[in-house]
Amino acid sequence: MSSTSSEANLKHNGAASLATEESSHLLEKAANGEKYGSQKPDQDSLLDTMVHTSESTSKTLPQYVAALSAAGGAFAAGTLLGWTSPAQTPLLDGEYGFPVSESAFSWIGSAMTLGAAFICIPIGFLINLIGRKLTMLLLVLPFTLGWCLLIWAQNVEMMYAARFLLGISGGAFCVTAPMYTGEIAQKEIRGTLGSFFQLMITAGILFVYAIGAGLDVFWMSVVCGLLPLVFGAIFVFMPESPTYLVSKNKNESAIKSIQWLRGKEYDYNMEIEELKDTEKKIKENPVSIGSALTRRVTIKALCISLGLMFFQQLCGINAVIFYSTDIFKDADTGIDANLSTIVVGIMQVIATFVSVMVVDKLGRRLLLLASASVMALSTIAMGVYFYMKENGDSVESLGWLPVCSLCVFIIMFSIGFGPVPWLMMGELFASDIKGVAGSIAGTSNWVLAFIVTKTFVNLKEALGSGPTFWLFAGITVVGAIFVFVFVPETKGKSLNEIQQELEGKKPNQTNGNAI
């Protein structure tokens, strides 16, 4: 348990009765776990059962190292998202020696999202079959092959295939890396480590913006193609998830993994025994996927997670990132488009870093509500500018408006609706269904990303730029209402307490402190 949780228990119960109260609470939590179907404990409940002396010897630096290494795949995925922005103009101008129309380029951009949507559900089963670590290492192969196809593409069809293959790799990381991080992290740093994924996505986008300003598309793609190899060379030294190792009866390997993550002085006995006991219960009382998916709490959690993914994509973020160069060009700011997108990328990274620092302090709901409210105002402002411009009104003195609005939009997305839906995806579901439900949520996210990126140009042509941004603004307002009404606060709550709240009951407060 965290030091804050320890102090609260000591104040409420007294040091002398701590052991008795903790034993009572463990039995109560076990009962709740069976009631809500969470037979496989998440790391939150696990760490809460540990005595203070064990926790005091636990190290966190190795967990940061492992989480950042896993997030290296997210960095590579970020380059996929950002690649289309600096590549658009050169490809349309024939840099590769074959014609690329605007319609074809929209398919090049969106093929990645189709690949990501295609892989999310299969990868959910694969990571349970061969492990989190091996799955991520194997993803280096399609990642590298995809970049090779893109680098030496001879026609548009090769680019379609390359981007689809790259999307498979990037989408797989969206499921695997957050799950791996959640299983190696202690409760008090889980939110921070879980937010590394989105932070590295934004860092990857910034990276490709920066190198795209000085390199042609060929060499930019070569540099991006080296990143998966770098990731593989680093991540091969990281440990496998202890949860997975115990599920495969590799207890000695699980102990070594825990000691790598927590330090040699850490008392692993309580943690390993809890993992073994829970695995035994799972095998003795198997729950079918169909039964788990039809539980009331699972349906509610899935609706919330799918809703967050829906509003994350329908606020227009991928359209803004994929076509940011065009937005700056249309705004007639006089600022070099590549420089402008680099500045936006820097803001995105900084804002996501801020979110990493405050998500465990301010809570998920506050960040989501603030994010949606300001994003809606920003897209309204962008819509006003482009509406005036398309209708022949003078906008020479308003060149700052779309740029500032875009910057504010990116910052607020990166603080709230960027990282939080992915973080909550791992918090809302009971552990026995988390892999499948998370894959469903991930698939929906990428399908929506495909729809937005593929139809953005068509919407601009049909409605005009101004009304298109207003459409995104209206959807974002609905998203804010959705968060206010339906999304629970999960900060500082264990899996069982979240399941209780989703069922409409108050979390158990027997010990005076939520654990």
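The protein chain appears in an unreviewed UniProt entry as Facilitated trehalose transporter Tret1-2 homolog isoform X1 from Musca domestica. Reading the Subcellular location (unreviewed entry) entry of the UniProt record for the protein chain gives the comment "Cell membrane".

Trainee: Describe in detail the overall build of the protein chain, supporting the description with residues and values.
Mentor: Along the protein chain, the regular secondary structure elements total 26 helices and 0 strands. Among the 515 residues that make up the protein chain, the fraction classed as buried is 59%. Considering only contacts in the protein chain between residues 6 or more positions apart, those separated by 24 or more positions represent 82%. Total accessible area on the protein chain stands at roughly 19900 Å², and carbon and sulfur atoms take up 67% of it.

Trainee: Talk me through the packing of aromatic side chains; I want residue IDs and the actual numbers.
Mentor: Overall, the coordinates contain 18 aromatic pairs when judged by the stated rule. For the ring pair tyrosine 64 and phenylalanine 196, a centre distance of 6.0 Å and an interplane angle of 50 degrees mean the geometry is tilted. Here the residue tyrosine 64 occupies a position in helix H5 (residues 61-70), and phenylalanine 196 occupies one in helix H11 (residues 187-212), the gap between them amounting to 132 residues. Residues phenylalanine 310 and phenylalanine 311 carry aromatic rings whose centres are separated by 5.1 Å and whose planes lie at 85 degrees to one another, so their mutual orientation is edge-to-face. Relative accessible area serves as the criterion here: at 10%, phenylalanine 311 is assigned to the buried category. Three or more aromatic residues joined by ring pairs form one cluster here, namely Phe143, Phe173, Tyr180, Phe231 and Phe235.

Trainee: Residues and numbers for the environment of glutamate 390, please.
Mentor: With respect to the helices and strands, glutamate 390 occurs in helix H21 (residues 364-390). Here the alpha-carbon distance between glutamate 390 and glycine 466, two residues 76 residues apart in the chain, equals 8.1 Å. The residues contacting glutamate 390, other than those within four sequence positions of it, are Gly464, Ser465 and Gly466.

Trainee: For a nonpolar patch on the surface, give the residues involved together with the corresponding values.
Mentor: Among the surface-exposed residues, Leu377, Ile380, Val384, Tyr387 and Trp470 lie close enough to one another that they form a single nonpolar patch of about 440 Å² accessible area. Broken down by element, the nonpolar patch gets its largest block of residues, 4 residues, from H21. Counting through the fold element by element, valine 384 comes out in helix H21.

Trainee: Would you mind going over helix H14 (residues 251-262) in detail, with residue names and values included?
Mentor: Side chains of residues three or four places apart in an α-helix project in the same direction, reflecting 3.6 residues per turn. The end-to-end C-alpha separation of H14 is 16 Å, in line with the 16 Å expected for 12 residues at 1.5 Å each. Taken as a whole, H14 has its buried residues at Ala254, Ile255, Ser257, Ile258, Gln259, Leu261 and Arg262. Taken from the residues just after H14, glycine 263 is the one with a positive phi, measuring 105 degrees.

Trainee: Just give me the short version of the nonpolar core, but keep the residues and values in it.
Mentor: Core analysis: the biggest nonpolar cluster contains 132 residues, and Trp83, Trp147, Leu308, Phe417 and Trp446 have the highest contact counts within it. With 14 residues, helix H10 (residues 156-184) is the largest single contributor of residues to this core. One finds Tyr244, Leu245, Ile272 and Leu275 within the second-largest nonpolar core, a separate group that totals 9 residues.

Trainee: Could you give an account of the state of the cysteines, naming the residues involved and the relevant values?
Mentor: What makes a disulfide is a covalent bond joining the sulfur atoms belonging to two cysteines. Under the defined criterion, the tally for this structure stands at 0 disulfides. With no disulfide of its own, cysteine 407 lies 6.5 Å from the sulfur of cysteine 404, the closest cysteine sulfur.

Rules used throughout
- Residues numbered from 1 in each chain as written.
- Predicted model: local features only at pLDDT ≥ 70, side-chain atom pairs only at ≥ 80, totals over all residues.
- Heavy atoms only, no water.
- UniProt positions renumbered as here; feature names shortened; annotations may be inferred.
- Helix = DSSP H or I, 4+ residues; strand = E, 2+ residues; numbered from the N terminus.
- Buried < 20%, exposed > 50% of the residue type's maximum accessible area, 1.4 Å probe, protein only.
- Contact = heavy atoms within 4.5 Å.
- Areas by Shrake-Rupley, 256 points an atom, 1.4 Å probe, with all protein chains shown as cover.
- Phe/Tyr/Trp six-rings, centres within 6.5 Å; stacked < 30°, edge-to-face > 60°.
- Patch = residues over 30% accessible without salt bridge, like charges linked within 9 Å, V, L, I, M, F, W, Y side chains within 5 Å.
- Salt bridge = Lys/Arg side-chain N within 4 Å of Asp/Glu carboxyl O.
- Expected span 1.5 Å × (residues − 1).
- Core = buried A, V, L, I, M, F, W, Y, C linked by side-chain atoms within 4.5 Å.
- Disulfide = S-S within 2.5 Å.

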